[in-house]
Amino acid sequence: MNKIKKADILDKAKLTLEDVFKDELTLLDKNWTANGDTGIDGHLLFNGVEFPFIAFTQATTGKVVKSVKKFPKEKNILFMLDYAKPEMIHFFRQNNLFFVDTAGNCHINLPNFKIFIQGEKDRYGKLPDTKIAFQKTGLKLIYQLLIEPELASENYRTIASKTGVSLASVNNIFEELKEDNFIIEVNHKKRNLYNVERLVTKWAVGYGEILRPKIHRGYFRSLSSDLETLIFLDTENEIYFGGQLGTRYIENGLTGTDPIIFSNLRLREMVEKYKIVPIGASQNHPQERIEILEVFWNTVESNGNNSNKKIKNTVDPILIYADLMMSINFRSIDTANNILQHEIRDKFIGYKLSW
């Protein structure tokens, strides 16, 4: 646990409680108390009653229950939290567990000492949570909108069906995109993507940091001298080239190592059909290390709509751009910027969308 974070929770709770209860409490954290209770972070003397307390930077019901089991009930353990959400407050009250948070919300229920405070807001200011639009599900949905811009005007039920995203999530994601000026309502039947360049670049960052690690399937090397030909000859395959390999099939591309392949085929099938073998992460970097990633978009809907796709087996230039931007190679980054300002820009200008 982050010691600074835990210390901040203690100090914020004490400052808040002192503001509410003035001189009725004294807090002794582990640095100053001689008590040797294992797992206890200190003691809070509250209106003459002593409470051993445990501080949580992130409290869950599971963590709380696990902590409760370590101590006898008569210990009157007080749980000190950063902020107790309504469902956590309900959990504490239902189980007659005592807590206090840094906002001043509090529940203590002893025969001669009862306190319950709810609804207090954070006094110290928190960064807002990352919006759902740029978490895993939202990133998948945004990518489908980017490769199929006309989808933005469909009703939410149709969008949910095409993307596999729940109807509620589609609604929330669209509301956030509207708030951030990435989608505008043209009329009651039409929506358009807006500020598309900023949306593409913001999506690429989210893809690299959040989505991409979750769709990584493994590293491999090819035993064949021409993996691309093997894949092309298999007309029924479900494989898409990305990264440097994908740039070979678009203007101003480059030839490089580290092919990226997107596929949802079983790995054992790919090993047998395309003569690839897995390599360990600790092995020396082979000349061509193939990375296999999960296909996360609706290929059925997007194949017919992607005017930029030069051949069946390449991903959309937006995805090539995003993967190249993760490189430390100057040529890859330069190529990515060329793709952004030509292939990608031209596509959205063709749709008459704000770039």
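Residues numbered from 1 in each chain as written. Predicted model: local features only at pLDDT ≥ 70, side-chain atom pairs only at ≥ 80, totals over all residues. Heavy atoms only, no water.

**Quick word on the packing of aromatic side chains**
Then, in step 1: Taken as a whole and assessed by the stated rule, the structure comprises 17 aromatic pairs.
Then, in step 2: Seen from their ring centres, Phe92 and Phe99 are 4.9 Å apart, and the 20 degrees between their planes marks the pair as stacked. A single burial state applies to Phe92 and to Phe99, both of which are buried.
Then, in step 3: Pairing Phe134 with Phe182 gives two aromatic rings, centres 6.3 Å apart and planes at 65 degrees, and the pair type is edge-to-face. Note that Phe134 is positioned in the loop between β7 (113–117) and α4 (136–147) and Phe182 in the loop between α6 (167–179) and β8 (183–187), a separation of 48 residues in sequence.
Then, in step 4: The exposure class of Phe134 is buried, given its relative accessible area of 8%. (Phe/Tyr/Trp six-rings, centres within 6.5 Å; stacked < 30°, edge-to-face > 60°. Buried < 20%, exposed > 50% of the residue type's maximum accessible area, 1.4 Å probe, protein only. Helix = DSSP H or I, 4+ residues; strand = E, 2+ residues; numbered from the N terminus.)

**Focus on the packing of α4 against helix α7 (residues 196–215)**
Then, in step 1: Orientation of α4 relative to α7, taken along the N-to-C sense of each, is 135 degrees, at an axis distance of 9 Å. Taken together, the axes of α4 and α7 are oblique relative to one another. In this structure, α4 meets α7 at a crossing whose hand is left-handed. On the side of α4, the interface is formed by Lys136, Leu139, Lys140, Ile142, Tyr143 and Leu146, while α7 contributes Val196, Leu199, Val200, Trp203, Gly206, Tyr207, Ile210, Leu211 and Lys214.
Then, in step 2: Here the contact of α4 with α7 is built from residues that sort into eleven nonpolar, one polar and three charged. (Axes fitted to C-alpha atoms, helices over the stretch in contact; angles between N-to-C directions. Parallel < 35°, antiparallel > 145°, perpendicular 65-115°, else oblique. Left-handed = near helix turned anticlockwise from the far one by under 90°. Contact = heavy atoms within 4.5 Å. Nonpolar A, V, L, I, M, F, W, Y, C, P; charged D, E, K, R; others polar.)

**A closer look at the pattern of salt bridges**
Then, in step 1: By the definition in use, this model includes eight salt bridges.
Then, in step 2: Here Arg191 ties to Glu185 by a salt bridge, and the two come within 3.8 Å at their closest N and O atoms.
Then, in step 3: With a relative accessible area of 13%, Arg191 lands in the buried category.
Then, in step 4: When its relative accessible area of 43% is taken as the criterion, Glu185 is described as partly exposed.
Then, in step 5: Connected via shared salt-bridge partners are Glu175, Lys178, Glu185 and Arg191. (Salt bridge = Lys/Arg side-chain N within 4 Å of Asp/Glu carboxyl O.)

**Here we look at the sheet that holds strand β11 (residues 239–242)**
Then, in step 1: Across the sheet, five strands lie side by side as β11-β12-β14-β10-β13; this open sheet has mixed pairing. The sheet is open, and its two borders are formed by β11 and β13 (276–278), each paired with just one other strand. Recorded for the sheet is a direction-independent mean angle of 35 degrees between the axes of neighbouring strands.
Then, in step 2: Here four bridges tie strand β10 (residues 216–222) to strand β14 (residues 290–293), and the two strands are oriented antiparallel to one another. Residue pairing for β14: Gly218 is matched across the bridge by Ile292.
Then, in step 3: Along the sheet, helix α10 (residues 267–274) contacts β10, β11, β12 (260–263), β13 and β14; its crossing angle with β10, the most-contacted strand, is approximately 15 degrees. (Pairing = 2+ DSSP bridges.)

**Side note on the nonpolar core**
Then, in step 1: Formed by 51 residues in total, the largest nonpolar core has its most connected members in Leu146, Leu193, Trp203, Tyr207, Phe262, Phe296 and Trp297.
Then, in step 2: At the level of secondary structure, the elements contributing two or more residues to this core comprise α4, α5 (156–163), α6, α7, β12, α12 (317–324) and α13 (330–350).
Then, in step 3: The biggest single contributor to this core is α7, with eight residues.
Then, in step 4: Ile9, Leu10, Ile108 and Phe113 belong to the second largest nonpolar core, which has 20 residues in total. (Core = buried A, V, L, I, M, F, W, Y, C linked by side-chain atoms within 4.5 Å.)

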